[in-house]
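# Examining the three-dimensional arrangement
Chain residues, written in single-letter form:
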Amino acid sequence: MAYEHLKLANEEGILWITINRPDKLNALNGAVIGELDRAFTEAAEDDAVLGVALTGAGDRAFVAGADIAELNTLGPEAAREFALRGQEVFNRIERMTRPVVAAVNGYALGGGCELAMACHMRVASSNAVFGQPEVKLGLIPGFAGSQRLPRLVGKGRALEILLSGRNVPADEAERMGLVNRVVEPVELTGAVVDLLKSILRNGPVAVGHCLEAVNYGLDMAFDDGCLLEATLFALCASGEEMKEGTAAFLEKRKPDFRRN
Ligand code: COA
């Protein structure tokens, strides 16, 4: 079934998912969230997808937030459902076992900042602007921004951003660890592809297990996270990929993970 609000293109194993509502700065309404759910679910089941790059259409916004026109109509029950649904979809993105990189090409506000944070890594153009301005609307984040932001930048910085609702320019976002790197707008696509390719040349099973160890382990007690790590380490040792990687090192050649 075709997508109304997303554009999808697989370029050499990298699936580009572009949120395509530029006239509304790619704001997330229920329909967009539903399509993101479908796109990431299908991507997770598609062997031709080795990694995902997520971006927004146009040159002004990644995503300027949840759709405020839709928010304006919500009562408490619908608001809770909306938040839980968004959290479910964003968790699905975070729990992908193939790398997901946000290509942040402008405003990443509210739900846009939350969506970028659900991705595994963020590359931003120098004109990108981050923020959680929900308090200005009499709201708080609903798509786990109050949980992911402090985990990424620390409690004090997160509270300042959440409570003031102020904009965070790209260079400051980089300094505080909210984004991995900042590049000129014309270099954004190339920088995201370079980052993904630097990951995709490694063992895909190991990359997947690394993502699981970090994503699940961060929310566990330290000892439980270590046990998870040891178990995933053991799983690596049960497969062909580890044999190929270690043999290639000993034979002084490049590993060929794709033949496994
Ligand atoms: N929800 C719904 N529509 C949005 C939107 C959002 N989050 N963000 C932008 N839009 C729409 C605007 O209403 C406008 O639509 P219109 O042309 O039909 O009036 C269009 O996108 C362009 O936005 P505009 O405000 O005219 O652009 P701008 O350059 O003057 O300002 C922003 C850009 C991002 C600063 C401003 O749009 C904004 O503050 N957006 C809301 C950010 C926010 O609070 N997000 C969190 C929501 S929980």
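Residues numbered from 1 in each chain as written. Predicted model: local features only at pLDDT ≥ 70, side-chain atom pairs only at ≥ 80, totals over all residues. Heavy atoms only, no water.

Okay, the overall build of the protein chain next. Looking only at helices and strands, the protein chain has eleven helices and ten strands in total. Here the C-alpha atoms of the protein chain give a radius of gyration of 19 Å, agreeing with the 18 Å that 2.2 N^0.38 yields for 260 residues. Considering only contacts within the protein chain whose residues lie at least 6 apart along the sequence, 67% involve residues at least 24 apart. Taken as a whole, the protein chain presents about 13,400 Å² of accessible surface, with 56% of it coming from carbon and sulfur. Where the 27 positive side-chain charges of the protein chain centre and where its 36 negative ones centre are 3 Å apart. (Helix = DSSP H or I, 4+ residues; strand = E, 2+ residues; numbered from the N terminus. Rg over C-alpha atoms; globule rule 2.2 N^0.38 Å. Contact = heavy atoms within 4.5 Å. Areas by Shrake-Rupley, 256 points an atom, 1.4 Å probe, with all protein chains shown as cover. Lys, Arg positive; Asp, Glu negative; His and termini not counted. Charge placed at Lys NZ, Arg CZ, Asp CG, Glu CD.)

The next subject is the nonpolar core. Counting 48 residues, the largest nonpolar core has Leu 28, Leu 36, Leu 115 and Phe 130 as its most contacted members. The leading source of residues in this core is helix 1 (residues 30-45), at six residues. The contacts of Phe 130, once residues within four sequence positions are left out, are Val 104, Ala 108, Leu 109, Cys 113, Ala 124, Arg 166, Asn 167, Val 168, Ala 173, Leu 178 and Val 179. Residues Ile 14, Val 193, Ile 199 and Leu 200 belong to the second largest nonpolar core, which totals 18 residues. (Core = buried A, V, L, I, M, F, W, Y, C linked by side-chain atoms within 4.5 Å. Buried < 20%, exposed > 50% of the residue type's maximum accessible area, 1.4 Å probe, protein only.)

All right, on to the site of the ligand then. Around the ligand lies a shell of 17 residues, among which Lys 24, Arg 60, Ala 64, Ala 66 and Ile 68 are the nearest. In this structure, a nitrogen atom belonging to the ligand sits 2.9 Å away from a main-chain N or O atom of Ile 68. Taking 860 Å² as the accessible area of the ligand by itself, protein coverage stands at 60%. Secondary structure elements with two or more residues in the shell around the ligand: helix 2 (68-71) and strand 6 (107-109). Split into classes, the residues belonging to the shell around the ligand amount to ten nonpolar, two polar and five charged. (Near = heavy atom within 4 Å. Polar contact = N/O pair within 3.5 Å; in protein donor to acceptor, adjacent residues only side chain to side chain. Nonpolar A, V, L, I, M, F, W, Y, C, P; charged D, E, K, R; others polar.)

With that out of the way, let us pick up the pattern of salt bridges. Oppositely charged side chains may form a pair once their charged atoms are brought near each other. Evaluated as defined, the whole model comprises 13 salt bridges. A salt bridge links Glu 42 to Arg 38; the shortest N-O distance between them is 4.0 Å. Residue Glu 42 and its partner Arg 38 are located together in helix 1, separated by four residues, close to a single helical turn. Since its relative accessible area comes to 40%, Glu 42 is described here as partly exposed. Sharing partners across several salt bridges, the network here consists of Asp 37, Arg 85, Glu 88 and Arg 92. (Salt bridge = Lys/Arg side-chain N within 4 Å of Asp/Glu carboxyl O.)

Positionally, Thr 55 belongs in strand 3 (residues 51-56). Taking the relative accessible area as the measure of exposure, Thr 55 reaches 9% and is therefore buried. At a separation of 3.4 Å, a polar atom in the side chain of Thr 55 contacts the side chain of Asn 105.

This brings us to the environment of Lys 7. Inspection of the secondary structure assignment puts Lys 7 in strand 1 (residues 6-11). Note: C-alpha distance between Lys 7 and Leu 162 (155 residues apart in sequence) is 31 Å. What Lys 7 contacts, discounting residues up to four positions off in sequence, is Trp 16, Ile 17, Thr 18 and Asn 20.

Now for a nonpolar patch on the surface. Nonpolar side chains collect at one region of the surface, where Ile 68, Leu 137 and Leu 139 lie side by side and expose about 260 Å² of accessible area between them. Among the secondary structure elements, Ile 68 is positioned in helix 2. (Patch = residues over 30% accessible without salt bridge, like charges linked within 9 Å, V, L, I, M, F, W, Y side chains within 5 Å.)

By the definition in use, this model includes two aromatic pairs. Ring geometry for Phe 82 against Phe 143: centres 5.3 Å apart, planes inclined by 50°, an arrangement best described as tilted. Taken together, the residues Phe 82 in helix 3 (residues 76-94) and Phe 143 in the loop between strand 8 (129-131) and helix 5 (145-153) connect sequence positions 61 residues apart. Exposure class is identical for Phe 82 and Phe 143. Each is buried. Aromatic pair Phe 90 and Phe 143: ring centres 5.2 Å apart, planes at 65°, arrangement edge-to-face. Of this pair, Phe 90 sits in helix 3 while Phe 143 sits in the loop between strand 8 and helix 5, and the two are 53 residues apart along the sequence. The residues Phe 90 and Phe 143 share a single accessibility class, namely buried. (Phe/Tyr/Trp six-rings, centres within 6.5 Å; stacked < 30°, edge-to-face > 60°.)

The subject of this paragraph is the sheet that holds strand 6. Strands sit in the order 4-6-8-9 across an open sheet of four strands; the sheet is mixed. With partners counted over all chains shown, the strands left at the sheet margins are strand 4 (61-63) and strand 9 (168-169), one partner each. Taken together, the two bridges between strand 4 and strand 6 define a ladder with parallel strand orientation. Among the inter-strand pairings, Ala 61 is bridged to a residue of strand 6, identified as Tyr 107. (Pairing = 2+ DSSP bridges.)

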